[in-house]
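Observations on the three-dimensional arrangement
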Amino acid sequence: MRKRVFFIFLSLFLILSCSERKELVGPGRLGVRAEKAMVVSAHPLATKVGLDVLKNGGNAIDAAVAVQFALAVVHPSAGNIGGGGFIVYRTRDGKYFTLDYREKAPAAAHRDMYLDENGKADSGKSRQGHLAAGVPGSVYGMVMAHEKFGEMPWRSLVEPSVKLARDGFPLTEKEADGLNWVTEQIRQYSTVMPSNLEREEWHEGDTISWPGLAVTLERIAEEGAEGFYKGKTAKLIVEEMRRGGGLITYEDLANYRAVWREPVVFDYKDYKMISMGPPSSGGVAIGQLFGMVSHFPVGEWGVNDVRTIHVMAECEKLVFADRAEYLGDPDFIEVPVFKLLDPEYLALRTALISLDKARQTTKISAGQFIEEHEETTHFSIVDAEGNAVSCTTTLNGSYGNYVVVGGAGFLLNNEMDDFSSKPGVPNMYGLIGGEANAIEPGKRMLSSMTPTIVEKNGKLFMVTGTPGGSTIITSVFQNILNVIEFGMNMQGAVDFKRFHHQWRPDYIQYEKGRFDRALRKKLKKLGHSLKKRDAIGRVDAILVREDGSLEGGADPRGDDTAMGF
Ligand code: GLY
């Protein structure tokens, strides 16, 4: 009897100490399922526009074009025709293409344009108003993607957005809140206040239309790139610039080109990842993160083990330090992509990580985050043939530079703030930049956008990406790890709370609920500083499950919606 009691106690002790060592986290919620095709985007109306294209026989690129334009109408804080972005495309037979339609600095831009007479960076000028705008790339990007891969008539892809902008649509609560927040800024920075925004207060369910934007989109539907970069729209943009003291000229618009770039491709265990190369830092950064984290058994440790969090944060610090030094526009500087992803180099970097102690970041004044300004948007699409699009597009800050182009009804970006205005001075995401990302005429500003596609054993496995400024990189990293190392469903992986370290400022930011008190204590003991904050990212992703069906992960932090068939 005594022996039995002893064994019961011993087993209980073993069970308890094991659960102490490895906290199990379940697969989480199961997302929307579909047999053949799916769209996940930041807004239900944009998702529906993309889904209709797929149902009518369009492919993933056709749907992406339609979703990009629809987001410009229904999600104007980030969806855009006045900004830029990146597409990662994987064809059903496993070919990869990456399209760069990032904005460019106007020809009259120069490296010290945001410095005041004392040589101090004036972040107001690079973030708000006309001087903050880069030459938009989105319309050119859509035209190029469609020319190479589109199958549906161009007009049919723009038309749904013309209709939404012209006839109006009901606001979600979040979109109404956004408009209430931004109206005053638009009044302050635009030279012509758009009449559709003249309203005391917006509420969920109110109908809003964008008549000026409808006419601009109609020109794009009719004339393609010429409907934006030349003729009436170009005239309206240039006149807006002249009235507001901006730099974009007719020549800047006429000279804009999007570019097909080399994808960044790397392996992690049984997986191959395809992501965006420079001028995005995203692909290189997650390549480095996966290369370094592969030296640690994070899957065995578990998602909530202090060693996992510590190692991920330490890898992130090293990656963001490289980002600041080496990354920029490959048309202007030599970016050492292969050296940065070289396994030997990554092994050396990994060797700097101690499991016992957080590595101290050199003490310099830390940048402050302006959290509500992290705005970009991502959508993921798989069509019925198995082609996949991962697209991230942005105005940079929420509602860009707050300038609605007079008579043209769309917001301009404030992407110039993604350059380093002055080496060592943080941008709105607290990111420090160096010479590689200094302003030059015609140059593209460094981005963190990380649209990514994952293959498993040569087959499409996952399509993912997110907004969130500098947190994009670490959110994509966590989202993929959540599925492939920690066994979560797609929706569960998207729901799961996130954290982020970017080297400087020297603290781990975390969403409320990500670390419990015990974990916080352990992280502090290792030397980490912690900072709780609001939502990190809005991941919209698709997973191909073992039976070949699709599961969507639509981020509950926003209005994000998955639909499929
Ligand atoms: N504007 C945010 C980014 O491109 O990283």
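Preceding this paragraph is the structure being described.
Now for a look at the structure at hand. (Residues numbered from 1 in each chain as written. Predicted model: local features only at pLDDT ≥ 70, side-chain atom pairs only at ≥ 80, totals over all residues. Heavy atoms only, no water.)

**A look at the pattern of salt bridges**
- Evaluated as defined, the whole model comprises 37 salt bridges.
- With a closest N to O distance of 3.1 Å, R102 and E415 form a salt bridge. Highlighted residues: R102 in the loop between β4 (96-101) and α4 (123-127) and E415 in the loop between β11 (388-394) and β12 (452-456), separated in sequence by 313 residues. Each member of the pair, R102 as well as E415, carries the same accessibility label: buried.
- Three or more residues joined by partner-sharing salt bridges are found here, namely D100, R261, D329, D331 and R444. (Salt bridge = Lys/Arg side-chain N within 4 Å of Asp/Glu carboxyl O. Helix = DSSP H or I, 4+ residues; strand = E, 2+ residues; numbered from the N terminus. Buried < 20%, exposed > 50% of the residue type's maximum accessible area, 1.4 Å probe, protein only.)

**Digging into the pairing of β12**
- β12 sits mainly inside the fold: 4 of its 5 residues count as buried.
- Relative to β12, strand β9 (residues 271-275) is paired through 5 bridges, and the arrangement is antiparallel. Within β12, the residue paired with I274 across the bridge is I453.
- Both β12 and strand β13 (residues 459-464) contribute to a ladder of 5 bridges, which runs antiparallel. Each bridged residue has a counterpart across the sheet, and for E455 the counterpart in β13 is L460. (Pairing = 2+ DSSP bridges.)

**Remarks on the site of the ligand**
- For the ligand, the full set of nearby residues is R102, N396, E415, D418, Y429, S447, S448 and M449.
- Between E415 and the ligand, the recorded distance is 2.7 Å, taken from a side-chain N or O atom to a nitrogen atom.
- The separation between a nitrogen atom of the ligand and a polar side-chain atom of D418 is 2.7 Å.
- If the ligand stood free it would expose 200 Å²; the protein chains cover 99% of that surface.
- Grouping the constituent residues of the shell around the ligand by class yields 2 nonpolar, 3 polar and 3 charged. (Near = heavy atom within 4 Å. Polar contact = N/O pair within 3.5 Å; in protein donor to acceptor, adjacent residues only side chain to side chain. Areas by Shrake-Rupley, 256 points an atom, 1.4 Å probe, with all protein chains shown as cover. Nonpolar A, V, L, I, M, F, W, Y, C, P; charged D, E, K, R; others polar.)

**Remarks on the sheet that holds β4**
- If you walk across this open sheet you meet the 7 strands as β7-β4-β3-β11-β10-β2-β19, and the pairing is antiparallel. Edge positions in the sheet fall to β7 (259-261) and β19 (561-564), since each of these pairs with one other strand and no more. When the angles between neighbouring strand axes are averaged without regard to direction, this sheet yields 15°.
- Both strand β3 (residues 84-90) and β4 contribute to a ladder of 6 bridges, which runs antiparallel. Bridge pairing links V88 to T98 in β4. (Axes fitted to C-alpha atoms, helices over the stretch in contact; angles between N-to-C directions.)

**With respect to the packing of aromatic side chains**
- One pass over the full model with this rule turns up 21 aromatic pairs.
- Relative to Y229, the ring of Y140 lies with its centre 5.7 Å away and its plane at 70°, an arrangement referred to as edge-to-face. Here the residue Y140 occupies a position in helix α5 (residues 138-149), and Y229 occupies one in helix α9 (residues 226-229), the gap between them amounting to 89 residues. As far as burial versus exposure is concerned, Y140 and Y229 are alike and both buried.
- Aromatic side chains Y271 and F461 sit 5.3 Å apart centroid to centroid with 55° between the ring planes, which places their arrangement in the tilted category. Here Y271, found in strand β9, pairs with F461, found in strand β13; they are 190 residues apart in sequence, far enough to count as distant. An identical accessibility class is assigned to Y271 and F461; each is buried.
- Ring-pair connections join several aromatic residues into one group, and the members of that group are Y140, F228, Y229, Y256 and F410.
- Residue placement shows R199 over the ring face of W202; its charged tip is 4.5 Å from the ring centre. (Phe/Tyr/Trp six-rings, centres within 6.5 Å; stacked < 30°, edge-to-face > 60°. Lys NZ or Arg CZ within 6 Å of the ring centre and 35° of its normal.)

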